[in-house]
Amino acid sequence: MQVLPDGHVHTEWSWDAVAGSMERSCARAVELGLPSIAFTDHADYTRWAVTREMRAVRGGRVAADGRFSPPPFDAQGYLACVQRCRDRYPGLRILSGTELGEPHWHEDRVKELLRGGEFDRVLGSVHNLEFDGPQIVDHLFDRLGPTGLMRAYLGEVVRLADSSAPFAVLAHIDYPLRYWPGEAGRFDPAAYEDEYRTALRALARSGRALEVNTVVPLPAVIVRWWYEAGGEALTFGSDAHRPSVIARDFAHAASMAEAAGFRPGRYPHDTWRRGASA
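Residues numbered from 1 in each chain as written. Predicted model: local features only at pLDDT ≥ 70, side-chain atom pairs only at ≥ 80, totals over all residues. Heavy atoms only, no water.

**Some words on the overall build of the protein**
- The number of helices and strands found in the protein is 8 helices and 13 strands.
- Computed over C-alpha atoms, the radius of gyration of the protein comes to 18 Å, within 12% of the 19 Å expected from 2.2 N^0.38 for 278 residues, which places it in the range of a compact globule.
- Taken along its principal axes, the extent of the C-alpha atoms in the protein is 50 × 45 × 35 Å.
- Residues classed as buried in the protein amount to 53% of the 278 residues present.
- Within the protein, contacts between residues at least 6 apart in sequence are counted, and of these 70% link residues at least 24 apart.
- When the accessible surface of the protein is split by element, carbon and sulfur atoms take 48% of a total near 12,400 Å². (Helix = DSSP H or I, 4+ residues; strand = E, 2+ residues; numbered from the N terminus. Rg over C-alpha atoms; globule rule 2.2 N^0.38 Å. Buried < 20%, exposed > 50% of the residue type's maximum accessible area, 1.4 Å probe, protein only. Contact = heavy atoms within 4.5 Å. Areas by Shrake-Rupley, 256 points an atom, 1.4 Å probe, with all protein chains shown as cover.)

Here it is, written out as structure tokens:
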């Protein structure tokens with residue numbers, strides 16, 4: 001099995017990666033024999049409502065109105081760190097990048113960040129939904145219920161995919177599964193087939209790639225639906241926030257992608273493309 005590039009890794013330059021380290025992530029990538037690694041640190045502009053528990057953890061960044069403001073992304077410091085790592089690890093292909101949270105909500109600020117063109121890999125993601133103001137997904141299960149939240153989440157993914165936001169890869173289309181409540185029973189993607197297919201068709205129309213994110217196992221049927229929607233490309237991302245979990249479960253992810261009909265590119269660091277029908 002070909003060793004995959006990790007296209008979604010966070011470092012100390014992400015506000016939520018307290019154990020992140022770009023240099024140690026490079027060392028781990030070399031140890032694993034990865035052909036490349038993309039450092040996609042967070043650029044978040046959404047101010048979302050927080051719970052009391054979140055205030056206890058992040059109180060220093062919670063405003064008087066009870067909303068959390070992510071710290072600004074230090075692009076200059078981040079890019080300088082990327083260059084230092086490229087100099088130190090010349091045999092590893094290191095991609096600069098960022099993960100944009102709800103970029104379709106923040107058009108002007110996103111354009112300002114990307115104006116210089118220094119980023120090789122730009123991810124788009126949904127972490128928040130509009131519900132009496134922006135609310136982070138994992139705190140909406142109680143208010144919307146699992147079914148309501150999944151449908152609202154995938155509806156927002158459609159709006160992101162249909163937007164002109166400047167991103168190339170949709171990150172973690174299964175994001176709510178990370179917080180799936182045990183009392184809801186086992187997650188069944190078939191219960192949301194129509195919503196998933198609608199989101200995947202929108203993404204395919206946009207010409208962007210789908211990420212197989214390995215924080216939780218992406219249901220294999222979603223990758224097959226991506227192929228059936230006409231999706232052209234797949235990337236793989238550990239979404240690692242610490243070096244020890246880079247490329248986690250990539251062997252399973254690669255097998256799943258091949259079974260759905262996707263094949264490696266010409267070079268080890270390429271995205272995977274659709275091949276013959278599975």
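**Observations concerning the pattern of salt bridges**
- Under the criterion given, the structure shown has 13 salt bridges.
- The closest approach of N and O atoms between Lys111 and Glu107, which form a salt bridge, is 2.9 Å. In this pair, Lys111 and Glu107 are both assigned in helix 4 (residues 107-114), 4 residues apart and thus about one turn of the helix distant.
- Classification of Lys111 as partly exposed rests on a relative accessible area of 46%.
- Glu107 gets classed as partly exposed once you look at its relative accessible area, which sits at 43%. (Salt bridge = Lys/Arg side-chain N within 4 Å of Asp/Glu carboxyl O.)

**Some remarks on the nonpolar core**
- The biggest cluster of nonpolar side chains holds 75 residues, and the ones touching the most others in it are Leu113, Ile173, Tyr196, Leu234 and Phe262.
- Of the residues forming this core, the biggest block, 9 residues, is contributed by helix 5 (residues 141-162).
- One finds Trp48, Val62, Phe68 and Ile136 within the second-largest nonpolar core, a separate group that totals 6 residues. (Core = buried A, V, L, I, M, F, W, Y, C linked by side-chain atoms within 4.5 Å.)

**Observations concerning the sheet that holds strand 2 (residues 36-44)**
- Across the sheet, 9 strands lie side by side as 1-2-5-6-9-10-11-13-12; this open sheet has mixed pairing. The sheet is open, and its two borders are formed by strand 1 (6-9) and strand 12 (262-263), each paired with just one other strand. (Pairing = 2+ DSSP bridges.)

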